[in-house]
Amino acid sequence: MRTSQPSRRAVLAGTAAAAALTALPSLTGHASAAEPAAASAAGQAYRWRNAVMGGTGFVTGVLFHPSVRGLAYARTDIGGAYRWDERAARWTPLTDHLGWDDWNLLGVEAIAVDPAHPDRVYLALGTYAQSWASNGAVLRSDDRGATWSRSDLAVKLGANEDGRGMGERLLVDPRDSDTLWLGTRHDGLLKSTDRGATWAAATGFPGSPSATGQGVTLLVAVGRTLYAGWGDGDGTTGTRNLYRTADGSKWEAVPGQPTGTAAKVPIRAAYDRHTRELYVTYANAPGPNGQSDGSVHKLCTTTATWKDVTPVKPGGTTADGSADAFGYGGVAVDARRPGTVVVSTNNRWAAVDTLYRTTDGGRTWTSLKDSAVLDVSETPYLKWGADKPKFGWWIQAVGIDPYDSGHLVYGTGATLYGTRDLKNWAPQIRGLEEASVVQLVSPPVGEAHLISGSRDVGTLYHDTLTASPKRGMATNPVFGSATGLAQAAAKPAYVVRTGWGDNGNGAYSSDGGQTWAPFEAQPSIAKDAPGPIATNADGSVLLWVFVHWDGTKYPAYRSADNGTTWSEVASFPKGATPVADPADPTLFYAYDTDTGTLLASTDSGRTFTARATGLPKGDSQFKLVAAPGRSGDLWLSTKGNGLYRSTDSGAAFTKVASCWASHTLGFGKAADGADYPAIYQVGSTESITAVYRSDDEARTWVRINDDQHQWGWTGETITGDPRVYGRVFLATNGRGVQYGEPV
């Protein structure tokens with residue numbers, strides 16, 4: 001949903017991209033999806049599942065298989081790909097095997113299926129096309145994604161960049177199942193003649209790629225002819241944006257194609273084989289943001305004539321006087337009913353996006369939003385704190401079941417809606433979990449064993465782990481993206497949260513996170529740079545840190561009256577994450593990653609002084625945590641610099657010898673007979689980065705995930721359950737909260 005700040009789905013660029021690099025693992029070396037992981041500490045079998053939220057992220061593409069009833073695939077911008085299981089009525093994740101070094105492959109640029117070989121499926125992977133990201137890859141499967149073979153590309157793809165809702169950019173040649181085509185953003189059109197094993201630049205393609213353009217936006221088969229959209233034209237007759245080839249080698253610009261701002265960028269295309277007409281949606285920008293004009297055109301391939309069939313021209317005025325600016329996005333044809341087509345608007349914030357449906361080839365259209373009945377009882381967060389949900393936003397993925405004309409689905413920035421009668425809609429999202437999670441708290445008491453904070457739907461109180469939270473996202477106020485979450489160790493009913501919102505940026509709860517109230521006041525910087533927050537052991541003091549999304553750091557503030565008044569803490573290191581001592585309410589800690597210094601406060605956060613110095617520095621993602629139930633027992637994760645521990649409130653640290661890398665660490669209930677909490681971490685004891693547990697105070701570790709459950713980058717946060725031994729909650733960057741339990 002559009003919020004007042006860039007979310008994790010905004011494209012990283014400039015200084016923001018540079019700042020983001022500190023959160024990303026090394027790009028050197030990776031294991032093929034088909035290869036076993038290197039040896040690690042002896043593992044224990046765990047069952048891994050999602051703590052159910054239900055979607056929460058941008059579904060950028062959905063593709064029904066044209067030859068198999070009930071088979072469909074979906075792609076996401078950072079959360080991998082999924083296969084629809086019609087019998088179970090849920091999505092199966094297909095890319096969880098991608099590990100730490102392959103974090104950039106969790107974004108899916110495109111999907112392709114082979115109509116002649118129903119079990120074959122192909123994925124084009126690559127989240128970012130920036131210089132700091134790794135090259136893309138193509139995965140190919142002969143068993144619908146149960147197993148994969150992988151081919152690394154020499155180019156980059158951009159599944160989480162502008163234009164990620166376009167497509168599909170990957171296509172099996174309609175004349176030869178061994179030939180595949182891949183449209184790239186900056187490297188032109190690629191071709192494979194061995195089912196995606198190897199790739200080379202396609203000869204004769206007229207588009208001239210650039211380092212900053214969109215390149216090939218879509219590929220679609222029209223009978224035996226291949227059409228390719230080009231995103232770098234200027235909308236004039238001097239630059240073309242749609243090409244075709246009948247033989248795979250000679251390309252030509254499609255004659256008579258539309259021009260002008262409203263037809264500048266081809267977004268998607270779909271072919272009606274009954275009427276032999278190609279429908280193309282256009283916008284004046286690649287989207288999903290930034291579009292203010294667009295159109296829909298159809299090409300009659302038998303007569304080579306074009307017709308403008310735009311349902312509603314952008315640029316009008318809504319009832320409240322707002323400009324009705326938008327583009328067009330998704331398009332799907334009904335394989336059973338000639339002339340029946342559905343298109344979506346996109347970036348239509350004033351009147352809210354909709355789907356338009358025609359049954360007469362575009363002569364007349366009906367807005368499906370106008371008669372829609374939305375049932376979001378299975379995922380209540382979709383109300384976004386309001387009385388009812390929106391029909392959608394960022395609608396660029398649209399699909400019609402080729403075996404059921406009433407079964408229509410469309411993706412939004414938060415879910416995938418489906419209908420069987422074109423009127424009653426509900427999320428068709430079970431199994432598809434895509435949140436980028438940044439905070440986890442597992443309360444020691446109460447109904448919920450988990451409270452989470454994400455960049456997608458703010459804070460959630462998980463009253464159960466197997467269904468989307470019944471209360472929806474935390475309200476009063478609503479945060480589209482969470483930045484802080486903390487619970488008072490000795491007073492667990494008291495919880496605080498911070499985040500990006502339009503009606504305040506901080507809130508507290510007196511019932512363990514079930515209901516909330518905003519802070520009575522907040523520092524003026526809070527609306528522009530809300531950062532992490534901490535509360536001391538008894539909940540009497542708050543420390544709030546402020547960091548702008550571009551990385552700029554500001555002074556921290558302190559409140560001793562539940563957020564009624566705030567005072568600057570000049571001695572607190574700017575941008576550091578405050579950590580409260582869980583046993584002594586007068587103690588706070590902060591790790592200055594700029595200088596490698598541990599600072600502490602013994603006066604309830606009024607002043608901070610340096611203690612240990614000379615520790616690893618230079619990475620804002622180094623993390624300090626305090627062991628529960630103890631005073632002064634601190635653990636410091638410094639990525640490849642290792643794991644450090646202090647038992648004297650940070651006066652001195654000792655390096656832990658049992659692991660050489662530690663990215664994030666947390667605690668859970670102790671094992672039977674143990675006198676120290678179980679420790680969980682994402683780190684490395686040998687050659688791989690994995691999830692580990694220690695029951696003996698970090699002397700030894702056991703790996704608890706496996707090669708099929710890796711989820712890309714998992715270095716944000718981890719915590720055990722203080723009430724259930726062995727249960728661990730793991731934050732992922734695009735696959736929600738994973739929780740594991742010993743088998």
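If you're wondering where the values come from, they're calculated on a predicted model, not measured in any experiment.

Calculation rules
Residues numbered from 1 in each chain as written. Predicted model: local features only at pLDDT ≥ 70, side-chain atom pairs only at ≥ 80, totals over all residues. Heavy atoms only, no water. Helix = DSSP H or I, 4+ residues; strand = E, 2+ residues; numbered from the N terminus. Rg over C-alpha atoms; globule rule 2.2 N^0.38 Å. Contact = heavy atoms within 4.5 Å. Areas by Shrake-Rupley, 256 points an atom, 1.4 Å probe, with all protein chains shown as cover. Lys, Arg positive; Asp, Glu negative; His and termini not counted. Charge placed at Lys NZ, Arg CZ, Asp CG, Glu CD. Buried < 20%, exposed > 50% of the residue type's maximum accessible area, 1.4 Å probe, protein only. Salt bridge = Lys/Arg side-chain N within 4 Å of Asp/Glu carboxyl O. Pairing = 2+ DSSP bridges. Axes fitted to C-alpha atoms, helices over the stretch in contact; angles between N-to-C directions. Polar contact = N/O pair within 3.5 Å; in protein donor to acceptor, adjacent residues only side chain to side chain. pLDDT = per-residue confidence, 0-100. Phe/Tyr/Trp six-rings, centres within 6.5 Å; stacked < 30°, edge-to-face > 60°. Core = buried A, V, L, I, M, F, W, Y, C linked by side-chain atoms within 4.5 Å.

> So what exactly am I meant to see when it comes to the overall build of the chain here?
The secondary structure content of the chain amounts to 1 helix and 58 strands. What you see for the chain is a C-alpha radius of gyration of 26 Å, in line with the 27 Å of a compact globule of 743 residues. Its C-alpha atoms put the chain at 80 × 60 × 45 Å along the principal axes. Within the chain, contacts between residues separated by at least 24 positions form 53% of all contacts whose residues are at least 6 apart in sequence. For the chain, the accessible area works out to roughly 25,800 Å², and carbon and sulfur atoms hold 48% of it. For the chain, the centre of its 68 positive side-chain charges and the centre of its 73 negative side-chain charges are spaced 4 Å apart.

> Explain unusual backbone geometry to me, please; I cannot follow it from the model alone.
It is generally the case that most residues other than glycine have a negative phi and that most peptide bonds are trans. Along the chain, Gly287 connects to Pro288 via a cis peptide bond; the corresponding omega equals 5°. For the bond from Asn476 to Pro477, the omega torsion is 0°, close enough to zero to count as cis. One can find Pro477 in the loop between strand 35 (458-462) and strand 36 (481-488). Despite not being glycine, Trp394 shows a phi value in the positive range, around 55°. By secondary structure assignment, the location of Trp394 is in the loop between strand 28 (373-374) and strand 29 (398-400). A relative accessible area of 10% places Trp394 in the buried class. One non-glycine residue with positive phi stands out, namely Ala698, at about 75°.

> Can you walk me through the pattern of salt bridges in this structure?
Going through the model one piece at a time under the given rule, you end up with 34 salt bridges. As a salt-bridge pair, Asp102 and Arg150 come within 2.9 Å of each other at their nearest N and O atoms. Taken together, the positions of Asp102 in the loop between strand 5 (90-93) and strand 6 (108-114) and Arg150 in strand 9 (residues 149-152) put the pair 48 residues apart, joining distant regions of the chain. Judged on exposure class, the residue Asp102 and its partner Arg150 are both buried. Across the pair Arg645 and Asp633 runs a salt bridge whose closest N-O atoms are separated by 3.0 Å. Note that Arg645 is positioned in strand 50 (residues 643-646) and Asp633 in the loop between strand 48 (623-626) and strand 49 (634-637), a separation of 12 residues in sequence.

> What should I look at first to understand the sheet that holds strand 40 (residues 530-535) in this one?
To summarise the sheet geometry, strands pair through backbone hydrogen bonds and adopt either a parallel or an antiparallel arrangement. Here 4 strands make up an open sheet; going across it, the order is 40-41-42-43 and the pairing antiparallel. Both outer strands of the open sheet, strand 40 and strand 43 (567-569), are each paired with one neighbouring strand and no more. The mean angle between the axes of side-by-side strands here comes to 30°, regardless of whether they run parallel or antiparallel. As defined by bridge partners, strand 40 adjoins strand 41 (residues 542-547) across 4 bridges and the pair is classed as antiparallel. By the bridge assignment for strand 41, Ala534 is matched with Leu543.

> Is there a simple way to think about the environment of Gln681 in this case?
Positionally, Gln681 belongs in strand 53 (residues 678-684). Judged by relative accessible area, which is 0%, Gln681 ranks as buried. Linking Gln681 and Trp84, residues 597 residues apart in sequence, is a C-alpha distance of 33 Å. Beyond its immediate stretch of four places on either side in the chain, Gln681 contacts Cys659, Ala661, Ser662, Thr664, Leu665, Ala690, Val691, Tyr692, Trp701 and Ile718. At a separation of 2.7 Å, a polar atom in the side chain of Gln681 contacts the side chain of Ser662.

> Explain the confidence of the model for the chain to me, please; I cannot follow it from the model alone.
Of all residues in the chain, 94% attain a pLDDT of 70 or more, and the chain-wide mean is 94. Considering only residues more than four positions removed or in separate chains, one finds that residues 8-40, a stretch of pLDDT under 50, has 79 contacts.

> For this particular structure, what's the right way to read the pairing of strand 12 (residues 189-192)?
Look at any regular strand and the pattern is simple: side chains alternate between the two faces of the sheet. Pairing of strand 11 (residues 180-183) with strand 12, which is carried by 4 bridges, proceeds in the antiparallel orientation. The partner of Trp181 across the bridge, within strand 12, is Lys191. Counting the residues that bridge the hairpin from strand 11 to strand 12 gives 5 residues, and of these Gly188 lies at a positive phi of roughly 70°. One ladder, built from 2 bridges, connects strand 12 with strand 13 (residues 200-201); its direction is antiparallel. The partner of Lys191 across the bridge, within strand 13, is Ala200.

> Looking at this model, I keep getting lost on the packing of aromatic side chains. Mind explaining?
Each aromatic ring pair is summarised here by two numbers: the centre-to-centre distance and the angle between the ring planes. Within this structure, the stated rule accounts for 28 aromatic pairs. Seen in terms of ring centroids, Trp103 and Tyr128 are 6.4 Å apart; in terms of plane orientation they differ by 45°. Their pairing is tilted. Within this pair, whereas Trp103 is found in the loop between strand 5 and strand 6, its partner Tyr128 is found in the loop between strand 7 (117-125) and strand 8 (137-141), the two being separated by 25 residues in sequence. Accessibility classification places Trp103 together with Tyr128 in one group, the buried group.

> What is the right way to look at the pairing of strand 54 (residues 690-694) in this model?
Strand 54 sits mainly inside the fold: 5 of its 5 residues count as buried. Residues Ala690, Tyr692 and Ser694 of strand 54 are buried on one face, and the alternating residues Val691 and Arg693, pointing to the opposite face, are buried as well. Pairing analysis gives 5 bridges linking strand 53 to strand 54, with the strands arranged antiparallel. Within the sheet, the bridge partner assigned to Ile679 lies in strand 54 and is Ser694. In sequence, strand 53 turns back onto strand 54 through a hairpin of 5 residues. Where strand 54 lies against strand 55 (residues 702-703), 2 bridges are found, and the strand directions are antiparallel. Bridge pairing links Tyr692 to Arg703 in strand 55.

> Looking at this structure, how should I read the nonpolar core?
Soluble globular proteins tend to bury their nonpolar side chains together. Membership of the largest hydrophobic core comes to 36 residues, with the highest contact counts inside it found for Leu355, Tyr381, Val398, Leu408, Tyr410, Trp425 and Val737. Counting only elements with at least two residues in this core, the list comes to strand 29, strand 30 (408-411), strand 33 (437-441), strand 57 (728-731) and strand 58 (737-742). Leaving out residues up to four positions away in the same chain, Tyr410 has contacts with Leu355, Leu374, Phe391, Ile395, Ala397, Val398, Thr415, Leu416, Tyr417 and Trp425. Grouped together as the second largest cluster of nonpolar side chains are 18 residues, Trp103, Ala133, Val691 and Trp713 included.

> How do you make sense of the sheet that holds strand 24 (residues 327-333) when you look at a structure like this?
With antiparallel pairing, the 4 strands of this open sheet are ordered in space as 24-25-26-27. The open sheet has two edge strands, strand 24 and strand 27 (366-367), and neither has a second partner. Alignment of strand 26 (residues 355-358) against strand 27, held across 2 bridges, turns out to be antiparallel. Paired with Tyr356 across the two strands is Ser367, which belongs to strand 27.

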